[in-house]
Amino acid sequence: MTKPQVTNELIGSPRSVDMVRVIRRSMRCFLFGVVGLVPLIGAGFAYQALRLRRSLSADLEDGWTPPPVIVFWLMGIAAMLVARSWLGLAGDLAICVAILGLQSWLCWRSFQNRHEKVWNPGGRQLFLGVLSAYAGLGVSLWIVVVLVLQVLQVLDPV
Amino acid sequence: MNLLPVAERELRLLARRPRTYLSRVLTALIVTVTSVGMLYAGFGGVLSAASAGQTLFLVLSCAAAACVLFDGALLTADCLSSEKREGTIGLLFLTDLKGYDLVAGKLISQTANQAYALLAALPALAIALFLGGVTGHDIVRMTQALLNGLFFSASFGMLVSACCREERRALTLAVFGVLAMAGLLPVLGWGVSLWLETGTIHPLFLIGSPAGAFLQALQAGLPGSPFDFSFAESLVCSHLLAWCFLGAASFILPATVREQAVTRRSGNWAARRWHGLVRSGAGLTSHRSYWTESNPLIRAGDRPGQRGLSMWPALVIFAASWAAGWALTRGQWFTLPVYAGTVIVLHGSLCYFVALHACRGPRDDQRSGVLEILLTTPLGDDAYLTGRMLSLKRQCFWPVLLVLAADFGLMVAGCWDAGVPSWEWLGWIAAFVVLAARLLVDLYTVSWVGVWQGLKAGDTGRAIRKTFFYVFVKRWLVFVAFMALLGALTQGRVFQAPVGAILVAVQFAFLPVMSLQYLCQAMSELHDDLRVLALGYSLSEGGEGWLRLRRCFNWFRGPPQARSRQALSQWQP
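Residues numbered from 1 in each chain as written. Chains lettered and ligands numbered in written order. Predicted model: local features only at pLDDT ≥ 70, side-chain atom pairs only at ≥ 80, totals over all residues. Heavy atoms only, no water.

Observations concerning the overall build of chain B
Along chain B, the regular secondary structure elements total 26 helices and zero strands. Burial statistics for chain B: of 573 residues in total, 44% are counted as buried. A fraction of 79% describes how many contacts in chain B between residues 6 or more apart in sequence connect residues 24 or more apart. (Helix = DSSP H or I, 4+ residues; strand = E, 2+ residues; numbered from the N terminus. Buried < 20%, exposed > 50% of the residue type's maximum accessible area, 1.4 Å probe, protein only. Contact = heavy atoms within 4.5 Å.)

Now the structure itself:
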């Protein structure tokens, strides 16, 4: 059996981090996340917010694991395809709201569960940025899927 | 001694690089995705199968020709001149190596990936065979024409690189030289044929150009060819010309290696006189000192060799060709295709020059050590970036104004043609506003992405290619992929309905927005990691996508701390 990798969390060694850089990145993550809330147009900004969050997580080694949003949205799309014939657009909207709520709650929980060794004064902004980015990306995906389904329905009403 | 030892070494190196394999796989994937939409259009009944096949053949061939000509020139233009600037090529000539060894080695190392990518993309052309309208003979001809185009542009780039020493001059001469031979000459030939009313383009304009063989291959299925020469003649002539370029490069290279005395007098008489006049102007001097005091980097960007975008020669040639076209074909000149072509050429040239300057400045600073020294002073990272961007804006100001004025002129000409005020006027005004806004957004994005890639990529040519890929090519790929997906889902019916046109228009309007992601990334990395980028380290994480996917599934297994503890408890030495 190979020896498992011992992470810094187990050893508990202090880590030197440039706090100015961390705070600036946290604020930028918030900004990008808020712009990313705009559906479709803000998708690039939302992606950059998540990218910043990942790199900050690597710098701070806070062990943050993002919730599996892609899996939820894939399940949501499958549910939309199944329930569309019964519930129509209202069903799509309900599924979207449900997934947004679920991913926000899981995101909040994952932030609570992280082990922050270095205090980040911009942690709240970081959280809000990530939350907004996930919400923006989710809504963008939902709009694209609904658009495609509507086009399919218009072209083939049967 | 081996035959062409440098070429052999470079080929061995290429075979060990993952990028060699990745690039051809990605190219094949992109071309296949592009073909899917056309396949559905053909089999879904939107177009007749034959016309879908011809359209697919036309679209793929034109895209491949543009890539091949641009890439070949850009990749080879600075490969020998950079060695000359760094003084390493003289050391190579101390060995038994000859000029042709170096030229062949550099040619192979710079263009092998592009040749592989082209070969990987060519089978997709054969999809047109299944749809009809294109024969196997046409595909073979097009394959030959495209490979010849790559060889021609790369050879011309090698010749320019052997003759030039300065990076900006080499890149500009190579790119615009190839574009002039492949684009300007056929257009001039067409203008002359219209003027003389001969109905055929004179061979002098096309036979030595890669465009001759390409147009012959494209026109194969159509009746009434406007050419006086055969495909084989054109192919052989342009191929021989390319070999002449390579021979000339091999011959010239050893002679240009010798160091020459650098003259202090740079620029021509008119430029020196103008600089003198500007320096003596009291108002302008105070204006400059204000800028210089606010950021010393602007002063660096104001040196004679750095001033302006140097796009005036290209603009003058373009204006002369435009005037010649107008004079030759008076009645047929003011048409929509001419307007569209003018806008594309002007905007494309401006974007190229802005990208060139954005990529070159930081790269020069990095190479000469200026950036390292600046970052150790109290100026800081932000001052460097602000200065670099302000300097770029000052360089771009007049060219941008000129291009916008030209756009405005075209709009006025369009309205004039329309006659009395009508809805057509509104269309022209809307087109002008949308195109001007898109140009400004694109230029801003190109500036930031160019500076970012200038620091990140190995050389300026590669940085320009990456900048163009991120800002312009990728968004078109997303556009085409989305339309192909819609086509696949609706079996091509979406292209028949009005909803398809609306979707295409909306997507086209939002295309620049897709590039904003890279604007954000460039700004973010430059502000945060300028010192890391200045050292030439790459910030990209290998296999990031796989890691992210794995992390996604790790979420179901609990937090990493618990996993580490569990693993430690299970471990028995």
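Side note on the overall build of chain A
The secondary structure content of chain A amounts to five helices and zero strands. In chain A, the succession of α and β elements from N to C terminus is α-α-α-α-α. A separation threshold of at least 6 residues defines the contact pool for chain A, and within that pool the share at least 24 residues apart is 79%. Working note: accessible area of chain A is about 8,100 Å², and carbon and sulfur atoms make up 68% of it. (Areas by Shrake-Rupley, 256 points an atom, 1.4 Å probe, with all protein chains shown as cover.)

Some points on the pattern of salt bridges
Close approach of charged atoms lets side chains of opposite charge pair. Residues and elements named next belong to chain B. The final tally for this structure, using the stated rule, is 18 salt bridges over all chains. In this structure, R465 and D71 form a salt bridge, with 2.9 Å as the shortest nitrogen-oxygen distance. Of this pair, R465 sits in helix α22 (residues 460-490) while D71 sits in helix α3 (residues 49-76), and the two are 394 residues apart along the sequence. Classification of R465 by relative accessible area gives partly exposed; the value is 21%. (Salt bridge = Lys/Arg side-chain N within 4 Å of Asp/Glu carboxyl O.)

Focus: unusual backbone geometry
Located in the positive-phi region is A:L40, a residue other than glycine, with phi close to 65°. Relative to the helices and strands, A:L40 is located in the loop between α2 (19-36) and α3 (43-60).

Some points on the packing of helix α18 (residues 336-368) of chain B against helix α20 (residues 380-418) of chain B
Each pair of packed helices can be summarised by the angle the axes make with each other and by the distance between the axes. Residues and elements named next belong to chain B. One can describe the packing of α18 onto α20 by two numbers: an axis separation of 11 Å at closest approach and a directional angle of 175°. Taken as axis vectors, α18 and α20 run roughly antiparallel relative to one another. For the contact of α18 with α20, a count of residues per class yields 16 nonpolar, six polar and four charged. (Axes fitted to C-alpha atoms, helices over the stretch in contact; angles between N-to-C directions. Parallel < 35°, antiparallel > 145°, perpendicular 65-115°, else oblique. Nonpolar A, V, L, I, M, F, W, Y, C, P; charged D, E, K, R; others polar.)

With respect to the layout of surface pockets
Residue and element names in this part refer to chain B. In this model, the second largest pocket occupies a volume close to 250 Å³. As for the second largest pocket, its lining consists of 13 residues, and the residues nearest its centre are K393, C396, V400, L440 and L443. Taken together, the elements giving at least two residues each to the lining of the second largest pocket come down to α20 and α21 (423-456). Looking at which element gives the most residues to the lining of the second largest pocket, the answer is α20, with eight residues. Counted by class, the lining of the second largest pocket contains eleven nonpolar, one polar and one charged residues. (1 Å grid on protein atoms, 1.4 Å probe; cavity = no way out; pocket = protein on both sides within 12 Å on 5 of 7 lines; lining within 4 Å. Points joined across faces, edges and corners; volume = space filled by probe spheres on them.)

Here we look at the nonpolar core
Grouped together as the largest cluster of nonpolar side chains are 125 residues, with contacts concentrated most on B:Y352 and B:L526. In terms of residues, this core owes the most to one element, helix α4 (residues 69-113) of chain A, which gives twelve residues. For B:L526, the contacting residues outside a window of four places in its chain are B:L385, B:W448, B:V451, B:W452, B:L455 and B:L533. If you look at the next biggest cluster of nonpolar residues, it comprises 27 residues, including B:A52, B:F57, B:L118 and B:A124. (Core = buried A, V, L, I, M, F, W, Y, C linked by side-chain atoms within 4.5 Å.)

Description of the confidence of the model for chain B
Residue and element names in this part refer to chain B. With 79% of its residues at a pLDDT of 70 or more, chain B has an overall mean of 78. Scored below 50 in pLDDT, residues 261-267 shows four contacts in the model against residues more than four places distant or in partner chains. Model confidence for the complex: the whole-complex pTM is 0.75, and ipTM, which rates the interface, is 0.76. (pLDDT = per-residue confidence, 0-100.)

Concerning the packing of aromatic side chains
All names here are of chain B. Counted according to the given criterion, the structure contains 17 aromatic pairs over all chains. Residues F70 and F468 carry aromatic rings whose centres are separated by 5.7 Å and whose planes lie at 50° to one another, so their mutual orientation is tilted. Residue F70 is found in helix α3, and its partner F468 is found in helix α22; the two are separated by 398 residues along the sequence. Relative to Y470, the ring of F469 lies with its centre 6.2 Å away and its plane at 55°, an arrangement referred to as tilted. A relative accessible area of 31% places F469 in the partly exposed class. Grouping aromatic residues by their ring pairs yields a cluster made of F70, F176, Y352, F353, F468 and F472. Its end group placed over the ring of Y116, R24 keeps NZ or CZ at 4.6 Å from the ring centre. (Phe/Tyr/Trp six-rings, centres within 6.5 Å; stacked < 30°, edge-to-face > 60°. Lys NZ or Arg CZ within 6 Å of the ring centre and 35° of its normal.)

Concerning α22(B)
All names here are of chain B. Taking 1.5 Å of rise per residue, 31 residues should cover 45 Å, and α22 covers 44 Å from first to last C-alpha, within 8% of that figure. In the structure, α22 departs most strongly from a straight axis at F469, where the bend amounts to approximately 45°. Just beyond α22, the residue with positive phi is Q491, at close to 55°. (Expected span 1.5 Å × (residues − 1). Bend = angle between axes of the 7 residues up to and from the residue.)

Digging into a nonpolar patch on the surface
Judged by side-chain polarity, A:V38, A:L40, A:I41, B:I502, B:V506 and B:F510 come together as a nonpolar surface patch covering roughly 500 Å² of accessible area. Along the chain, the position of B:F510 falls in the loop between α23 (498-509) and α24 (511-534). (Patch = residues over 30% accessible without salt bridge, like charges linked within 9 Å, V, L, I, M, F, W, Y side chains within 5 Å.)

Overview of the side chain of B:N148
All names here are of chain B. On the secondary structure map, N148 appears in helix α8 (residues 136-163). Here N148 falls in the buried class, since its relative accessible area comes to 4%. Apart from residues no more than four positions distant in its own chain, N148 is found in contact with L235, S238 and H239.

Observations concerning the confidence of the model for chain A
Considering every residue of chain A, the mean pLDDT works out to 80; 88% of them sit at 70 or more. Looking across chain A, the model is least confident in helix α1 (residues 8-11) of chain A, with a mean pLDDT of 48, and most confident in α2(A), with 89.

A look at the environment of A:R25
Within the secondary structure, A:R25 sits in helix α2. Linking A:R25 and A:L56, residues 31 residues apart in sequence, is a C-alpha distance of 7.6 Å. With near-sequence residues (within four places) excluded, A:R25 lies in contact with A:L52, A:S55, A:L56, A:D59, B:D528 and B:D529. A distance of 2.6 Å separates a polar atom in the side chain of A:R25 from a polar atom in the side chain of A:S55. (Polar contact = N/O pair within 3.5 Å; in protein donor to acceptor, adjacent residues only side chain to side chain.)

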